[in-house]
Amino acid sequence: MSALPSSRTLNAYFLITWLVALVQLFSQQGASDYVSPAVSGWTLAATLSYAFMYLLPSVAIGHGLRWLLAGRKAFRRGPAILAVAAIVLTGFTQVLLFADCVIHKMYGFHVNGFVVNLVLSGGGIASLGVSHSAEMTAGAIALALVALQAAAWVWMLRRGAGDGAWRLRGAWAMALFLALTTGERIAYAYSEMSNYQPILFASEHFPLYQPLTFRNFAQKLGFKVDQATARSLHELEGSLSYPQRPLRVTPPDKPMNMVWLVAESLRFDMLDPKIMPNLWGLSNDAVRLEKHFSGSNTTQMGVFSMFYGLYGNYWFPMLAARQAPMLMEVLRQQNYQFSLNTSQRFTYPAFDKTVFAGMRTEDLHSLEGGAPAWRRDARNIDVLIDFIDRRDPARPFMTYMFFESTHANYDYPPEAEIATPVLQDFNYRTGDFRAQIGQIKNRYINAAHHVDSQIGRMIDHLKKRGLLDNTIVIVLGDHGEEFMERSRWGHGAEFNRFQTSTPGVIRVPGRAPRVVTGISSHLDIPATLMPLLGVQNPPEDYSLGHDLLAPDFHREYAVAADWNRLAYIGDDFRVTFPVNAIGAAHNQASDSDDRPLAHADEAIASIRSAMMEIMANLARFSRHRG
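Definitions and cut-offs
Residues numbered from 1 in each chain as written. Predicted model: local features only at pLDDT ≥ 70, side-chain atom pairs only at ≥ 80, totals over all residues. Heavy atoms only, no water. Buried < 20%, exposed > 50% of the residue type's maximum accessible area, 1.4 Å probe, protein only. Helix = DSSP H or I, 4+ residues; strand = E, 2+ residues; numbered from the N terminus. Axes fitted to C-alpha atoms, helices over the stretch in contact; angles between N-to-C directions. Left-handed = near helix turned anticlockwise from the far one by under 90°. Nonpolar A, V, L, I, M, F, W, Y, C, P; charged D, E, K, R; others polar. Salt bridge = Lys/Arg side-chain N within 4 Å of Asp/Glu carboxyl O. Pairing = 2+ DSSP bridges. Expected span 1.5 Å × (residues − 1). Bend = angle between axes of the 7 residues up to and from the residue. Contact = heavy atoms within 4.5 Å. Patch = residues over 30% accessible without salt bridge, like charges linked within 9 Å, V, L, I, M, F, W, Y side chains within 5 Å. Areas by Shrake-Rupley, 256 points an atom, 1.4 Å probe, with all protein chains shown as cover. Phe/Tyr/Trp six-rings, centres within 6.5 Å; stacked < 30°, edge-to-face > 60°. Lys NZ or Arg CZ within 6 Å of the ring centre and 35° of its normal. Core = buried A, V, L, I, M, F, W, Y, C linked by side-chain atoms within 4.5 Å.

Caption draft 1: Fine view of helix 11 (residues 299–308). Among the 10 residues of helix 11, 10 are classified as buried, and the element is accordingly described as predominantly covered. The set of residues buried in helix 11 consists of Thr-299, Gln-300, Met-301, Gly-302, Val-303, Phe-304, Ser-305, Met-306, Phe-307 and Tyr-308. Gly-309 lies just past helix 11 and shows a positive phi near 70 degrees.

Caption draft 2: Representation of the packing of helix 1 (residues 7–27) against helix 2 (residues 37–70) within the structure. Axis separation between helix 1 and helix 2 bottoms out at 9 Å; the angle between their running directions is 145 degrees. In this structure, helix 1 crosses over helix 2, and the sense of that crossing is right-handed. Residue composition of the contact of helix 1 with helix 2, by class: 15 nonpolar, 7 polar and 1 charged.

Caption draft 3: Broad picture of the pattern of salt bridges. Counted according to the given criterion, the structure contains 24 salt bridges. For Arg-507, the salt bridge identified is with Asp-285, shortest N-O distance 2.9 Å. In this pair, Arg-507 sits in strand 10 (residues 504–507) while Asp-285 sits in the loop between helix 10 (277–283) and strand 3 (287–293), placing the two residues 222 residues apart along the sequence. Taking the shortest distance from any N to any O, the salt bridge between Arg-486 and Asp-594 comes out at 3.8 Å. With Arg-486 in the loop between strand 8 (482–483) and strand 9 (489–490) and Asp-594 in the loop between strand 15 (588–591) and helix 18 (600–606), the pair connects residues that are 108 residues apart, well separated along the chain. In the salt-bridge network here, residues are joined through shared partners; they are Arg-267, Asp-269, Lys-441 and Glu-485.

Caption draft 4: A look at the sheet that holds strand 15. Across the sheet, 4 strands lie side by side as 12-13-14-15; this open sheet has antiparallel pairing. Across the chains shown, the open sheet's two edge strands, defined by having one partner strand only, are strand 12 (557–561) and strand 15. When strand polarity is set aside, the average angle formed by the axes of neighbouring strands in this sheet is 15 degrees. In terms of strand pairing, strand 13 (residues 565–570) meets strand 14 (residues 573–578) through 5 bridges, oriented antiparallel.

Caption draft 5: Spotlight on helix 15 (residues 433–464). In a regular helix each residue adds 1.5 Å, so 32 residues correspond to 46 Å; helix 15 covers 44 Å between its end C-alpha atoms and thus fits that length. The largest bend in helix 15 amounts to roughly 35 degrees and is located at Gln-439.

Caption draft 6: Focus on the side chain of Arg-66. The topology assignment puts Arg-66 in helix 2. Among all residues touching Arg-66, those that are not within four sequence positions of it are Leu-4, Pro-5, Ser-6, Ser-7, Leu-10 and Leu-82.

Caption draft 7: How the structure looks around a nonpolar patch on the surface. A surface patch of nonpolar side chains, about 250 Å² in accessible area, is lined by Phe-26, Tyr-34 and Leu-44. Relative to the helices and strands, Phe-26 resides in helix 1.

Caption draft 8: The environment of Phe-26, seen in detail. Residue Phe-26 is classed as partly exposed on the basis of its relative accessible area of 34%. In this structure the C-alpha to C-alpha distance between Phe-26 and Leu-44, which are 18 residues apart in sequence, comes to 9.1 Å. The contacts of Phe-26, once residues within four sequence positions are left out, are Tyr-34, Leu-44 and Thr-47.

Caption draft 9: Here's a closer look at the packing of aromatic side chains. Taken as a whole and assessed by the stated rule, the structure comprises 23 aromatic pairs. Judged by centre distance (6.1 Å) and plane angle (85 degrees), the ring pair of Phe-387 and Phe-397 falls under edge-to-face. Taken together, the residues Phe-387 in helix 14 (residues 373–390) and Phe-397 in strand 6 (residues 397–403) connect sequence positions 10 residues apart. Exposure remark for Phe-387: the relative accessible area of 12% places this residue in the buried category. Centroid distance Tyr-568 to Phe-573: 6.1 Å. Interplanar angle 40 degrees. Geometry classified as tilted. Here Phe-573 falls in the buried class, since its relative accessible area comes to 14%. Taken together, the ring pairs connect Tyr-242, Phe-304, Tyr-308, Tyr-314, Trp-315, Phe-351 and Phe-621 into an aromatic cluster. Positioned above the aromatic ring of Phe-268, the side-chain terminus of Arg-497 is 4.0 Å from the ring centre.

Caption draft 10: The nonpolar core, seen in detail. Trp-260, Phe-307, Leu-310, Phe-356, Met-398, Tyr-400 and Leu-529 are the most contacted members of the largest nonpolar core, which has 74 residues in total. Counting residues per element, this core draws most heavily on helix 11, at 6 residues. If sequence neighbours within four positions are ignored, Phe-356 has contacts with Phe-307, Met-328, Leu-340, Phe-346, Phe-351, Leu-364 and Tyr-400. The next biggest cluster of nonpolar side chains, apart from the first, holds 41 residues, and it includes Phe-397, Leu-423, Phe-433 and Val-473.

This is the structure in structure tokens:
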């Protein structure tokens, strides 16, 4: 290696590398990717262009390094350095594609931050359940891929760059790449706009696929776009396998009514005899969950998790399929009467297409805007009380209420003011919220006190009508709310206890009061209620939760999710992982008091078995499309 290879020789090497990458991508595809000429053309175009895009870092670094070394002709080791860099970079790319193929076949999703953290922790590969022989085989294949790249390098050096025709072929290849990648992106955007699912599902086989959408632009041009249907299907790949087995149901002879009350941003420490005396009194005659966590730090996934008993990431395929939770399906099958109320909207987040999908329009009652939130909450309780009085007494009923008072800016009537002083002028633009956070929190406490008064009205009415002894009562927060205890105000930013932990109260007639001091989760609610409705299946057939009424109930950890992250929440610490492929190193680990851990790697290594369980659960209710 007395001289640097020419740029054309380097390009020829990358061409061989591209062909190897093509083989790997083709190996992930199946018959569903070629069901029609249109889908076949899209798949071929995406495969050809993405194989090149995966190599772009290697191409850019390789040519950049060659340019640097070419300026130092006296540097004799230049050719060797370029050879090692090119072989290592392209070999690493091929190994990553191979690993992604293996993970995708096993779990139905691509290598992401969660998988990377699992594998890089001590013993992570072994925790995947990989046998020693399988490890050796995978290692041999990885070495073979690197060796193949090395052989390609040597062969190209011996062969040379060829004649001037290579330059023409290279120009045509670049033009072809631009045409292919432009065409496949436009085709994907049109498919996403029109919800043409064969292409949407075919895109799932490409790691790091970056979709192009132009729904808003198309609407401006006059095209009809189904905004609710045209959603990304990439968060959980494949069609749903929910429930995993058909439900076996023996309806109870005397079905119980159900009153389900959820308060916006109601965090765990609001369950206090002074702040919420009515709820506190109810909790003393119920199952009180003292270390209860939402399935998210947002309303969307928090409410989703309490009805489905699934991680928040399942929101996306459930929305695309308009799949209601099994709990609501069973209630409908048993001829329940419904009054579903909210002081916000059912359409954003799209609970009308998920949690309450398929419900009659006349059963959905929303009060948004206009009157202050506390008035809307009180009015909704009026509506629910009226519904209970007018219902058919021969049929069971289910009511749902979402209180909005405890959402910023925390509305309440004068008679609910128990904490002072309060911030009167709630101006987001001019307020010094760090200095005023105590007064803001007092508003929140007063709003929680008002919500408690409405809960009290409902409980008192059930008692008055003689219904409490035949009615299951559930009271939860959708998520928590932080007031600078850990440097932030609000929710949706972190997975600390203030933003994720809520009150949890479940009163089941005939069940003895009990206090659960260990970890519990919104995910446990369906697994608790379904047996009471006569469902014989084990909870794992339809949820990721456990029966809170079981005498041996115990949960090692809870899981919370948002749009891009997943959090392990245990007794000793919590760890946040990205669930996309970008930013795999940005996991966060803290102790039980939310203080950053000095040795995050040790914490991650200690929860390998939990991480494996979480990873399997991410795909449990998805039927992977091969």
